[in-house]
Structure formats: structure tokens, C-alpha cells
Amino acid sequence: MNSIHDLGGMHGLGPVLQDPNEVLFRHDWERRIFGLFFAAFGGGHFNIDEFRHAVERMEPVHYLTSSYYEHWVHGIESLLIAKGVIGQDELAARMLSLKGAA
Amino acid sequence: MPVLTEEFVPILVKTGASARVDVARTARFRVGDWVRVKNINPTTHTRMPRYVRGKLGCIKRDHGVFITPDAVAHGLGEHPQHLYSVSFSATELWGDVALAQDSLRIDLWDDYMELAEHE
Amino acid sequence: MKHTPTDYHDHEHTEPPSDIELRVKALESILQEKQLIDPAALDALIDIYEHKVGPRNGAQVVAKAWSDPQYKQRLLQDATAAIAELGFGGVQGEDMLVVENTAAVHNVVVCTLCSCYPWPTLGLPPIWYKSAPYRSRIVIEPRSVLAEFGVTLAPSKEVRVWDSNAELRYLVLPERPVDTEGWSEAQLMKLVTRNAMIGTGLALPAGDIR
């Protein structure tokens, strides 16, 4: 699909910024989603091409303004919902209850 | 569904899941052939970036037979076919902003290309 | 616009971290409840990629190729097998290709469509490699991007950009620095940076570690 992920040759996206003090995971949730990807992939819930396509279907502004691991969250969540592994309502309800517990 | 257990983690990490498949397929192109990338615009998944569509390139290496993401992403089977390293001159891709001596290599499947003439 | 070294730019104001944190927590707890994941497996995976795999693996491959012409030949012919000789392989390195920098050609690797990267030899990619600016620019203006990385090349040299759009993963074999004759592989390894193996850098000069 001709989506925002197909970046080769685009102008205006800014300089390439290197961070010498970069860490692999900046937040603990990045670690967990990295692990969850493997668990869902290794468990056979989706393949890598389905996963890439799920990320491509992100809303373009959100794609450009969110981080790499947020793309993963979107990809994993949308595939697990589409395949009926989890429910959208179930996820929303769990977020609410976790928020309440925090 | 199987659950990825702690014991299986090192095995998964060490083995991975190669997209190369051991099935015989006739290669549509040979090293040295000139090819034109098809101009396709599917709304489905493809690994053919827009910047190579319609461009003229040269087959540099036959990687062997690989599954096709365009099919696998949609549950349409593996559709095994030859995958090649294809070379494009930078000016073919970008015109005058590029230097004539620079080039780009990308991996393209049989289905992505047509045989082309080259002077 | 002020650019900060996050993935694209600072997005924290649009998506509060607490929200994304909650989403991931919710996902994990639901999957755990359904017994679809083993949290210990997640911990083990994270530990491997955070602590055990990294560019030192790739540096070992490069140092061996510099030291052993027969190994280098095997590496350029069948990179996956040659890299496996040193014990590296697996996820995101199942099918490898090593491309050699020479006096005539400088290679540089990108994945314009996502962020494909050779994990077994380089570990997980740096943020800039996954960023929109690198993915968009390196294919159309490689020389100016390389200059920003401190790599200025003679116009006569061919810059060859590799877009790893399929399942082949690419490692650049940098040119061996001068004045390193007789060095051990362990010494040579210290000259091999991650960026040199992506192609956005060169191997360090010998003087840097003497």
C-alpha cells in the first residue's frame, strides 16, 4: 500500500540525529512490548508480514509522530484484536482498571 | 496455540524463521539481465517501494527461492519465487540530483519485474 | 522546529507515556491471564537482546575477515554459514549478505520500509537507523547524510546504498585501516564500530587505540 511507511526519497523530515548516550530501551514498556512481540510471534498469532502490514496501516500522522516501539504496540494490539485473541473492550476495560489501581 | 516458554527462547533466538524455502522454482531472470520494475499500486502489502516502480535495473545476484510477503501478509500462502539483488543507478532513480557513479541495490521478487531492453 | 534525539521528534506531548504504559501493561496482563504468554520467556528474550547480543559480534566477524583471507572469501560467498562458524545467527540474521568496502565502492545499509537490521551481528538498531530522516534521506542524498556522520568520500568513489526490503540482512565489511599489519583479531576488533558495519562510519584509524 502507498502509505507513510514508504519513506525512501521523501524530503523535509529533518536531520538524522545521533544520540551518543542512547539506551536500547528508554522505558520499561518498550522492553515489555519487545518481549510481547516475540511471544505473540513465537506463539504463532501472526507472521512478520502481517505485522509489518499492520504497522503500515497506522494513521500517517500518528506514524510519523510516534516512536518505533509505539509502532510495535499498534501492530501487535491491532492484530491480536483483528484475530480475536483479545477484545477491544476487554483491553479498554483492563486499562481503566489498571489506571484505577495505580 | 503454542505458548513461547522460557526453555524455548534460546532455540527461537538461535534459529529464527528463514523466509528462504527449499522448493524448486524456475528463475525468470538471470544475472546480467536488465529489468523494469512494474508500476503497481496495490492497497495491500508489498515490499516494493514507490521509488523503484517503473525504473530500469540490472540483476546482480539470484538469492534463491523465498516466500512472497505480498501473499503471506494476507494469508494467501507462501507463493515461493526467486528473489534477486537488483542494481539501479542513482540517476535512474533520482535524476540530476544524484551522482552518475552512485547506485542502489534492492531485493526484488520475480513477480515485481519484467525483462527489459537496454542499449 | 526544535529537533530532539527521540525517534522522530519529541512526541511525548501528544501521547502521554502513562497511556502507552497502561496499554502495554493491559496487553500483557490479558495475555498472561489467557495463558498465552510466559512472562519468564519475555524476561529471557529482553535479557538476550539488552545484554548479550551487540555489535561486538559483528566486529569479531570483521576482524576475522581482515586476518584470514580464506574466511573472508567464505564470508563474501556464503555469509550466513561463515557468520555461523563464529556462533552467530538466528532471528533477523537467518539469511545474511556481507558487502565489502573497497577503494572503489563504499556500501551503506538502510531499510526504507521499516527498520530491518542484522540482529545477531549488530544487536538491536540505534534510534537514528529507525528514524524517518535516515530512511528517507540515505537513498536520495547518501553523500550528505554520510558527511553528517563524518564520512566524506571522494566523488570518484561509488556510493552503493543497500535497501534491505526483503529478508536478506546486510553487514558492511569495512576497509582495514592502514598500519595494522600483524595485529591480533582482538586488537583489530577494537577498530570496528557499529556504524562502520552499517556503512555510516569507517573503521577507526590505528592510532585511536594505540
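Scroll up to find the structure this text is about.
Notes on the structure follow. Each chain carries its own residue numbering, running from 1 in the written order of its sequence. Labels follow written order: the first chain is A, the first ligand is 1, and so on. Note on the predicted model: pLDDT of at least 70 is required for a residue's local features to be given, and 80 or more for side-chain atom pairs to be given and counted; whole-chain, interface and lining totals, by contrast, use all residues. Water and hydrogen atoms play no part in the side-chain values, which are based on all heavy atoms of the structure.

**Things to note about the interface of chain A and chain B**
- Here a residue-residue contact requires only that any non-hydrogen atoms of the pair lie within 4.5 Å. Across the boundary between the two partners, chain A contributes 18 residues, which contact 21 residues of chain B.
- Here a salt bridge means any side-chain nitrogen of Lys or Arg lying within 4 Å of a carboxyl oxygen belonging to Asp or Glu. Linking D6 of chain A and R50 of chain B is a salt bridge whose minimum nitrogen-to-oxygen distance equals 3.1 Å.
- Here a polar contact is taken to be a pair of N or O atoms separated by no more than 3.5 Å, where protein atoms must pair a possible hydrogen donor with a possible acceptor and residues adjacent in sequence count only if both atoms sit in side chains. Counting across the interface, chain A meets chain B through eight residue pairs in polar contact (both at pLDDT 80 or more).
- Note on residue categories: nonpolar means Ala, Val, Leu, Ile, Met, Phe, Trp, Tyr, Cys or Pro, charged means Asp, Glu, Lys or Arg, and polar means any other residue, Gly included. The residue inventory of the side of chain A that touches chain B, partitioned by class, reads four nonpolar, nine polar and five charged.

**What to know about the pairing of strand β2 (residues 105-110) of chain C**
Residue and element names in this part refer to chain C.
- Accessible area is worked out with a 1.4 Å probe on protein chains only. A residue is then buried under 20% of its type maximum, exposed over 50%, and partly exposed in between. Per the convention used, a helix needs a DSSP run of H or I reaching at least four residues, while a strand needs a run of E reaching at least two, with both numbered from the N terminus. Summarising burial for β2: six of the six residues are buried, a large majority.
- Covered by surrounding structure in β2 are V105, N107 and V109 together with H106, V108 and V110, the residues of both alternating faces.
- DSSP bridges decide pairing: two strands pair if at least two such bridges lie between them. Pairing analysis gives six bridges linking β2 to strand β3 (residues 158-163), with the strands arranged parallel. Counterpart to H106 in the pairing with β3 is V159.

**Considerations on unusual backbone geometry**
- Positive phi outside glycine occurs at H79 of chain B, with the angle close to 40°.
- Here H79 of chain B lies in the loop between α2 (69-72) and β3 (81-89).
- Backbone geometry at D179 of chain C places phi at a positive 65°, although glycine is not the residue there.
- Among the secondary structure elements, D179 of chain C is positioned in the loop between β4 (169-173) and α10 (185-189).

**Notes on the sheet that holds strand β4 (residues 103-109) of chain B**
- Taking strand neighbours across the sheet as the criterion, the seven strands line up as β5(B)-β1(B)-β2(B)-β3(B)-β4(B)-β3(C)-β2(C) in an open arrangement whose pairing is mixed. Only two strands of the sheet have a single neighbouring strand rather than two, namely β5 (113-115) of chain B together with β2 of chain C. Averaged over neighbouring strand pairs, the angle between their axes works out to 35° when direction is ignored.
- Note: β3 of chain B against β4 of chain B, seven bridges, orientation antiparallel. Bridging across to β4 of chain B, F88 of chain B finds its partner in L104 of chain B. Fitted lines through C-alpha atoms serve as axes, helices being fitted only where they are in contact, and the angles separating the N-to-C directions of these axes extend from 0 to 180 degrees.

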